[in-house]
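# Structure at a glance
Next come the chains, spelled out residue by residue.
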Amino acid sequence: MLNRYKKNSEKIAMGLLSFMPEEKDVKKLQTTIKEYEANSNWHLYLWKEADDVIGAIGLRVDGDKAIIQHISVNPSHRNIGIGKKNDSRNN
Ligand SMILES: CC(C)(COP(=O)(O)OP(=O)(O)OC[C@H]1O[C@@H](n2cnc3c(N)ncnc32)[C@H](O)[C@@H]1OP(=O)(O)O)[C@@H](O)C(=O)NCCC(=O)NCCS
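Only a predicted model underlies this, so the values are computations on that prediction, with no experimental measurement involved.

## What about the sheet that holds strand E3 (residues 52–62)?
Reading across the sheet, the 4 strands line up as E1-E2-E3-E4 and stay open at both edges, with antiparallel pairing between neighbours. Two strands in the sheet have a free side with no partner beyond their single neighbour: strand E1 (2–4) and strand E4 (65–73). Neighbour to neighbour, the strand axes of the sheet diverge by 30 degrees on average, direction disregarded. Here strand E2 (residues 42–49) runs beside E3; their pairing, made up of 8 bridges, is antiparallel. Within E3, the residue paired with Trp 47 across the bridge is Gly 55. Sheet contacts for helix H1 (residues 10–17): E2, E3 and E4; angle to E3, the most-contacted strand, approximately 75 degrees. The strands touched by helix H2 (residues 26–38) within the sheet are E2, E3 and E4, with E2 carrying the most contacts at an inclination of about 100 degrees.

## Details of the nonpolar core
With 13 residues, the main nonpolar core has Tyr 5, Ala 13, Leu 17, Ile 33, Leu 44, Leu 46 and Ala 56 as its most contacted residues. For this core, the secondary-structure elements that each account for two or more residues are H1, H2, E2 and E3. No other element matches H1, which puts 4 residues into this core. When sequence neighbours within four positions are dropped, the list of residues in contact with Leu 44 reads Asn 3, Arg 4, Tyr 5, Ala 13, Leu 17, Ile 33, Tyr 36, Ala 56, Ile 57 and Gly 58.

## Observations concerning the site of the ligand
Close to the ligand lie 13 residues; Val 73, Asn 79, Gly 81, Gly 83 and Lys 84 are nearest. In the environment of the ligand, an oxygen atom lies 2.7 Å from a nitrogen or oxygen atom belonging to the backbone of Val 73. In this structure, an oxygen atom belonging to the ligand sits 2.7 Å away from a main-chain N or O atom of Gly 81. Within the complex, 51% of the 840 Å² of free accessible area of the ligand lies under protein.

What counts, and at which threshold
- Along each chain, residues carry numbers from 1 onward, in the same order as the chain's sequence is written.
- The model is predicted, so local features are restricted to residues of pLDDT at least 70 and side-chain atom pairs to those at 80 or more, both for listing and for counting; the totals for chains, interfaces and linings are taken over all residues.
- Water and hydrogen atoms play no part in the side-chain values, which are based on all heavy atoms of the structure.
- Pairing between two strands requires that DSSP report at least two bridges joining them.
- A run of DSSP states H or I qualifies as a helix once it reaches four residues; a run of E qualifies as a strand once it reaches two. Both are numbered from the N-terminal end.
- To obtain each axis, a line is fitted to C-alpha atoms, and for helices this fit is confined to the stretch in contact; angles are then taken between N-to-C directions over 0 to 180 degrees.
- The contact criterion used is simple: two residues touch if any of their non-hydrogen atoms lie within 4.5 Å.
- For the purposes of this section, nonpolar cores are sets of buried Ala, Val, Leu, Ile, Met, Phe, Trp, Tyr and Cys residues that join through side-chain atoms within 4.5 Å.
- Relative accessible area decides the class of each residue, using a 1.4 Å probe on protein chains only: under 20% of the type maximum gives buried, over 50% gives exposed, and in between gives partly exposed.
- Here a residue counts as near a molecule or strand whenever at least one of its heavy atoms sits within 4 Å of it.
- Two N or O atoms form a polar contact when they lie within 3.5 Å of each other; inside protein one atom must be a possible hydrogen donor and the other a possible acceptor, and for residues adjacent in sequence the pair counts only when both atoms belong to side chains.
- For the area figures, the Shrake-Rupley method with a 1.4 Å probe applies, and any residue is considered shielded solely by the protein chains shown.

In structure tokens form, the structure reads like this:
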């Protein structure tokens, strides 16, 4: 299930975002997470299964478009369809 990012998940969110090629640099990663916290057009969601956070997706709203800026799945849960999955509440 997708859950909106909250500050208490900052470390896990940063860990997931760091798998993105352009987020390898820690300073860049910190800037990115701050932007998700502060910018009302930036939206970060975490994918949770049971009690584990195993994925993240970050969107930027630009007018009537929502642009996927970040998508990341924990390496031990890849290639089983999580990246392509819909949230069951929004099918
Ligand atoms: C990309 C990523 C989110 C896919 O998550 P996933 O849960 O393994 O994806 P799914 O199992 O739903 O789907 C796998 C498909 O994604 C494709 N894929 C994997 N990495 C990809 C990438 N960087 N760009 C485009 N497609 C990619 C696979 O080729 C596979 O395609 P297929 O079904 O046609 O064979 C995951 O590999 C990841 O976190 N990578 C590191 C972060 C990253 O590179 N993010 C995307 C940058 S564009």
